[in-house]
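What follows is the residue order along each chain.
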Amino acid sequence: SFDGSSNMALAKSLEGAKQKGPKGNVVNSLWQSLATRAMSEAIYISTGDAGDARSLAHYGLGIEKYTHFTSPIRRYADVVVHKQLLAALHNNNVELVMSAPPGFSKRKVLESIPDSNAVSILKGEGLESVPEMSADVEDALVDSLVERVTDLVVSEERDSKLVTSIDDLVQTTITPYLGSEVSTICEGLNQQNRMAKHSSMTCQKLFLSLYFNENVECVQAVVIDLRINGLIVYVPKFDMKSHVYISDINGDVQIDPAFVGLGEDAGLPATLGFADVPRNRRFPGGSTRIVEDNTQSLEIKVTEGKNRLIFSILDVVNVRVSCDLSDVRARIPA
């Protein structure tokens, strides 16, 4: 069993399954995928909207109060946080009304902020080593820095007087966003983030379909569910799940005769869809049934053979992955 009471407990459970499981990395990939998909999606929130301190926690990283603005794929969120920080650091004449969410009142206050070892562009650090920077190059550098935060640092007199130095950048008054404005921005960011993820997943499925329309791969998969007509498997290599059909719409079993101890010529030729799999043969007298014992399993029998073919959940199997892009839907083996 898995313990999800905390991120540490879940990590230990996953590691324990990895150590004890005899199936290897294929099943471990399934556990990791299921654990990740069960987690709530991270969203942007304003601290003023946080119901309690737990709303600011990061489960996966195990951090009680988490924020970030360094990811290169969310540039607008970075700019918003940078603006609020610049306003708090440099607006001596602007009164910032701030209130902490519940649970923050008991946080430890630092006696002093430790000196940072990071290079500060605001202080002009890191620019001294630039060899013989000409006036044109220096102006271009400053213009590039200023242009990216134009709405944040440029005064209303921008048309008549451009910011031309780092000192001007620091001395410019910055109006911070109100809490309601941050909340609105967060809603927009979350909506766009969800749309981007949906678009990415849809594109991934499309290109996988195009790839498998022209290519066939045999890979390992894990049985995650059973049906009377076949299996549902998870393929870690492509992070996808799919059906593997054992019988057709008429109930005829269509498998490789070797699975039940028969020669390659046993049975009848496979029908459309199943015939794409090498060595598949059709057995009209075959049967499938789901057996409820200590563990659930799918049992396949054919009249010509004495052996039974049995699949159970978490079995590791080799599957042949392909795709048919035609408009006609058929039961095509994965």
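Residues numbered from 1 in each chain as written. Predicted model: local features only at pLDDT ≥ 70, side-chain atom pairs only at ≥ 80, totals over all residues. Heavy atoms only, no water.

Engineer: What is the right way to look at the side chain of R281 in this model?
Structural biologist: Positionally, R281 belongs in strand β6 (residues 281-283). With no salt bridge to any partner, buried R281 finds its closest opposite charge in D265, at an N-O distance of 5.6 Å. For R281, the side chain forms a polar contact with the main-chain oxygen of D265, separated by 3.4 Å. Within the structure, R281 has its side chain in polar contact with the backbone oxygen of A266 (distance 3.0 Å). (Helix = DSSP H or I, 4+ residues; strand = E, 2+ residues; numbered from the N terminus. Buried < 20%, exposed > 50% of the residue type's maximum accessible area, 1.4 Å probe, protein only. Lys, Arg positive; Asp, Glu negative; His and termini not counted. Salt bridge = Lys/Arg side-chain N within 4 Å of Asp/Glu carboxyl O. Polar contact = N/O pair within 3.5 Å; in protein donor to acceptor, adjacent residues only side chain to side chain.)

Engineer: What exactly am I supposed to notice about the environment of E64 here?
Structural biologist: If you trace the backbone, E64 turns up in the loop between α2 (25-38) and α3 (75-90). A residue is classified by how much of its surface remains accessible, and E64, at 60% relative accessible area, is exposed. Once the C-alpha coordinates of E64 and R54 are considered, the two residues, 10 residues apart in sequence, prove to be 6.7 Å apart.

Engineer: Explain the nonpolar core to me, please; I cannot follow it from the model alone.
Structural biologist: Taken as a class, soluble globular proteins show a tendency for nonpolar side chains to be buried jointly. L231, V233, I255, I300 and V319 are the most contacted members of the largest nonpolar core, which has 26 residues in total. Residue assignment for this core shows that the elements contributing at least two residues are α7 (179-214), β1 (217-227), β2 (230-235), β4 (253-255), β8 (296-301), β9 (309-312) and β10 (316-321). Among the elements that make up this core, the one with the highest residue count is β1 (four residues). For I255, the contacting residues outside a window of four places in its chain are I246, V260, R279, N280, R281, F283, I300 and L309. Of all hydrophobic cores here, the second largest spans seven residues; its members include Y44, A77, V80 and C186. (Core = buried A, V, L, I, M, F, W, Y, C linked by side-chain atoms within 4.5 Å. Contact = heavy atoms within 4.5 Å.)

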